[in-house]
Amino acid sequence: MPSIDVHVSQAGSIVAGELKTDPTIVAKCTLCARTVEAVAAIGEGTACAVCLRERLDALSVARFRLCEPKSTGTPWGKVTG
Ligand SMILES: [Zn+2]
């Protein structure tokens, strides 16, 4: 698995697996445009924990809504991976 670049405000960053301390660094999320404690790189931008969590929730909800009519059992038990 390739390493995921992370920026931590006032602490530093990990880019391509390399730790770099930088007390002046500011972690800004490209999705919500907020300055946060830490962001992870996603494609061309960055995402904070809140935005990442929202997307995980969206995955679960979408799978539930799209797959639910076909399923006979409890949909939440099928949410894996
Ligand atoms: Zn965000």
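Located above this text is the structure these notes cover.
Conventions used here
Residues numbered from 1 in each chain as written. Predicted model: local features only at pLDDT ≥ 70, side-chain atom pairs only at ≥ 80, totals over all residues. Helix = DSSP H or I, 4+ residues; strand = E, 2+ residues; numbered from the N terminus. Pairing = 2+ DSSP bridges. Buried ≥ 20, exposed ≤ 12 C-beta atoms within 10 Å, placed from the backbone. Contact = placed C-beta atoms within 7 Å. Axes fitted to C-alpha atoms, helices over the stretch in contact; angles between N-to-C directions.

*Asks:* Looking at this model, I keep getting lost on the overall build of the protein chain. Mind explaining?
*Replies:* For the protein chain, the count of helices and strands is one helix and seven strands. Secondary structure elements of the protein chain, listed N to C terminal, follow the sequence β-β-β-β-β-β-β-α.

*Asks:* I would appreciate a short explanation of the pairing of strand S3 (residues 18-21) in the present structure.
*Replies:* The side chains of a regular strand alternate between both faces of the sheet. Here strand S2 (residues 12-15) pairs with S3 via four bridges, running antiparallel. Counterpart to Val 15 in the pairing with S3 is Glu 18. Joining the antiparallel neighbours S2 and S3 is a turn of two residues, in which Ala 16 adopts a positive phi near 55°.

*Asks:* Looking at this model, I keep getting lost on the environment of Lys 20. Mind explaining?
*Replies:* Position of Lys 20 among the secondary structure elements: in strand S3. With 11 C-beta atoms counted inside 10 Å, the residue Lys 20 sits in the exposed group. For the pair Lys 20 and His 7, spaced 13 residues apart in the sequence, the C-alpha separation amounts to 9.5 Å. For Lys 20, the residues in contact, after removing those within four places along its chain, are Gly 12, Ser 13 and Val 15.

*Asks:* Any chance you could explain the sheet that holds S3 here in plain terms?
*Replies:* The strands making up a sheet associate through backbone hydrogen bonding, with each pair oriented either parallel or antiparallel. A sheet is described by the order of its strands in space; here five strands give the open sequence S3-S2-S1-S6-S7, paired in antiparallel fashion. Edge positions in the sheet fall to S3 and strand S7 (45-48), since each of these pairs with one other strand and no more. Shown here is a sheet whose adjacent strand axes are inclined to one another by a mean of 20°, direction ignored. Judged from the three bridges that link them, strand S1 (residues 6-8) and S2 form a sheet pairing that is antiparallel. The residue bridging Val 6 from the neighbouring strand is Ile 14, located in S2. Along the sheet face, helix H1 (residues 49-67) touches strand S6 (38-42) and S7 and points at about 85° away from the line of S7.

*Asks:* What am I meant to see in the pairing of S6 here?
*Replies:* Direction of pairing for S1 relative to S6: antiparallel, over a ladder of three bridges. For His 7, the partnering residue across the bridge sits in S6 and is Val 39. Relative to S7, S6 is paired through four bridges, and the arrangement is antiparallel. Bridging from a neighbouring strand, Ala 40 pairs with Ala 47 of S7. Here S6 folds back onto S7 in antiparallel fashion, the turn holding two residues, of which Gly 43 has a positive phi close to 60°.

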